[in-house]
Structures are given as C-alpha cells and as structure tokens.
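Structural description and commentary
The chain contents come next:
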Amino acid sequence: MALDIAPTVHALDAAAVLGLLPARPRLLALGEPTHGEDLLLDVRNALFHQLVEREGYRTIAIESDCLAGLVVDEYVTSGAGGLDEVMERGFSHGFGASAANRELVRRLREDNADRPAAEQVRFAGFDGPLEMTGAQSPRAALTALHGYLAARVEPDGLLPCTAETLDRLLGADDRWTEPAAMMDPARSTGRSAEARELRLLADDLVALLDAETPRLIAATSREEWDRARLYGRTALGLLRYHFWMADTSPARLTRLVGLRDQMMADNLLALAERGPVLVHAHNAHLQRDRSSMRLGELRLEWWSAGALVSARLGEAYAFLATDLGTIRHRGVDAPPPDTLQGMLHALPEDRCLVDTARLAALLGEERPAARVSPYYGYAPLDPARLTAYDGLVFIKDMPSPA
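The notes below deal with the structure included here. (Residues numbered from 1 in each chain as written. Predicted model: local features only at pLDDT ≥ 70, side-chain atom pairs only at ≥ 80, totals over all residues. Heavy atoms only, no water.)

Here phenylalanine 95 shows up in the loop between helix H4 (83-89) and helix H5 (99-112). On the basis of relative accessibility, which here comes to 16%, the residue phenylalanine 95 falls in the buried class. Sequence-wise, phenylalanine 95 and valine 354 are 259 residues apart; in three dimensions their C-alpha atoms are separated by 28 Å. Residue contacts for phenylalanine 95: discarding those within four places in its chain leaves His35, Glu63, Ser64 and Asn101. (Helix = DSSP H or I, 4+ residues; strand = E, 2+ residues; numbered from the N terminus. Buried < 20%, exposed > 50% of the residue type's maximum accessible area, 1.4 Å probe, protein only. Contact = heavy atoms within 4.5 Å.)

Below, the structure written as structure tokens:
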C-alpha cells in the first residue's frame, strides 16, 4: 500500500493530543497493547506531566486495584509511608515492580510537596481488587464503609447490622480467595448463605450512605464521602463477582470479565467528577468496540470499561489507542510492510501521534492487512477499527530489558 501517510502524523505532546479532539474530555484514556514494557509507561508519564503543567490535569488513574491505590494517593499527597512500601502495597498485577511506575510516584510526591492541597496531583487505581486467578475478600471494603457510617449515624439506629455481624458472615478471608474457585465453581463461597446475606447488607449500607449524603458531607468532607462511595462500589462489586464465580452456566466466564470492566467503568465515572483525568490501561479495557478474547476453544465477548463510559459521557470521553513496531525480546519482529504497524514503522519517528480520522479518510475503503502477533501478550490494533479511536500513539521499538 504505497500511500504517503506522513501528513496524518504529529509529534506526541499534550497540545497535539487535545488538538485532535472535538471537546476537552473529562476522561482522556491512553491504552497500551501489552503489559510489562516500561517504555510505554515512560511515554504515559511524559504525556501526563505535560497535561498537568500545561492543561490543568490533576489526576492519573491506572489499571490497578482501586483500594490499594489509596495507599499511593496518600503517599503522593502527604508523604505518608516510604516509597518502597508504597510500591509494594499500592499496586496490583505486579505493577509495583515497574521502574516507570516508581518514577511516576516519586515525581508526583516531589511535585506535590510544593503545591497547596487544592492543586495537588492525585493518583487512583480504577480496577477492582481482582487478579486473573481470583478476587479478594470483600472484608476491607465492607468494614471500611460500615466504620464510616457507624461513626456518624449509629445513634439514629439506621445501621442495618453491627460490625460483629459482618465479621461473622465474612468468616476467614481464605474462603474468598480460594485459588481453585476461578476454574471450579464448587470451590467458591459466593453463593453461600453468608455471602447472600452480605450482599443484602452491603446494598443496605450503600443505600444508607446515599440517603444520608447531606449530613455525611457536612460532618466529614466531600473527599471522605467519595472514599466511602468507593468502599461501597467495591464491596458490592466483589460480592457480585464472587456470586458469579459460583455459577455453573456456560456464561460464567463471560459474566466475570464483563463484571470486572463494569467495576472499572463505575470507578472511572466517579473519577470523572474530579476531571480532567488521564486514564491508562490495556487498549482492550478502554476501547469503544465490544471486547473479545479466546480461552482455549472458548471465545468471550463483553463491553469494556471504555465502551460503558463512552456511552455515558459521549465527547467527555476520549480514547487514544497505542500500538508498536517491535518487541524483539518477545519474538515480535518488524511488522510486515502491508500492515498498519508496518506503514507506521517505516516512518522516521521513534514515537508519534496519528490523526486516525484523517488516516481513515486517506485510506478510504481500503485497509491495511491485519497484523498477527507471535506473542500472546501483545494485541495489535485492528486497522478496520481506526475510526473508533480518537488518535493513535505509535512507538517504533521496545528496548530489550537490561
């Protein structure tokens, strides 16, 4: 495909990114096509710092445990704890081991030291307390929500239960985190009598939180109330997730991946109230199209967090997909020249921003060939979906680890 695509390419900076968008988004989502490559995170960090300094952004949200992320946020805003401890406790999915994530946290703390509280830059995880192999106990979220409410409404007799009741129903945490439950529904506690009662109590606690909003915000602060809402969303989300882990129907895994993205979407919609926010996660969690994956012979399809949020926010949500040329240490060599990635890899820039609307118009009905990755952890972008992206970040080559 001998087309000159250079006119669709820009230098990658905050002004160019926002210049592609019809309106200033409350959530600007930047995807990545694979996890574990620090160069992708270095690019994210550089863009975020520009957005902070030039465009007034004050929050970054990443694909990591929303409750663990509170540890990081407290550190970057107050200096509580040490950096080593924060990197160990404040991230899920092993992301705390990333040098680029460490540099992000270090820089946020350093910059916030000179900012008044109202102007500090915040950190958030927006994933649920979930891993591919299971889900956490709802204990932390439920007891934190109950504690917040008990300190302020207990004299009125409005609480649906005591802390002792919650503790009894929750039982030992290893009931909830049983590793075998992901593949064997019979090992899940999610449909036990105790779990069913906890779902009802969690619903009542969240309803009480909503009903007492004016009093609670006046007695504490909007920020503490927002955190209590996070506890409530997370408790309900985890109990729902555990319930469906115990399901035996063919839709079980589809339900679970969809519930995870629904938890992500709910957290992003709450963060959008702060706005503007830079969101970073895998492309598959941020795209507007229906997501899919294959587990052996089983194909799963569900709506991603990005699709759910985009449906709610419209132009207040923007999505920049990211793709790359090579990951040679993973067996991903130079892309074939007739693919979208091959066309971009032939450009002189090491990294660039592509105007996808203009590129799609230039290509017309003709589309480059789809790239096939030899590495399961890298998902090349589909050239047929160009118009579903607000822009495309392309990075030429991933360096081999030292």
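A few words now on the pairing of strand E7 (residues 277-282). Buried residues dominate E7, accounting for six of its six residues. Pairing geometry for strand E2 (residues 27-32) and E7, over six bridges, is parallel. Paired with leucine 28 across the bridge in E7 is leucine 278. Direction of pairing for strand E3 (residues 59-65) relative to E7: parallel, over a ladder of four bridges. Its bridge partner lying in E7, alanine 61 is registered against valine 279. (Pairing = 2+ DSSP bridges.)

Before going further, it helps to spend a moment on the packing of helix H11 (residues 252-272) against helix H13 (residues 305-313). If you want to describe how two helices pack, look at the angle between their axes and the distance between the axes. The contact between H11 and H13 brings their axes to 8 Å, and the two run at 40°. With respect to H13, the axis of H11 lies oblique. Viewed along their axes, H11 and H13 form a crossing whose handedness is right-handed. Two secondary-structure elements touch here, H11 through Asp261, Gln262, Met264, Ala265, Leu268, Leu269 and Ala272 and H13 through Ala305, Leu308, Val309, Arg312 and Leu313. When the residues that make up the contact of H11 with H13 are grouped by side-chain class, the tally is nine nonpolar, one polar and two charged. (Axes fitted to C-alpha atoms, helices over the stretch in contact; angles between N-to-C directions. Parallel < 35°, antiparallel > 145°, perpendicular 65-115°, else oblique. Left-handed = near helix turned anticlockwise from the far one by under 90°. Nonpolar A, V, L, I, M, F, W, Y, C, P; charged D, E, K, R; others polar.)

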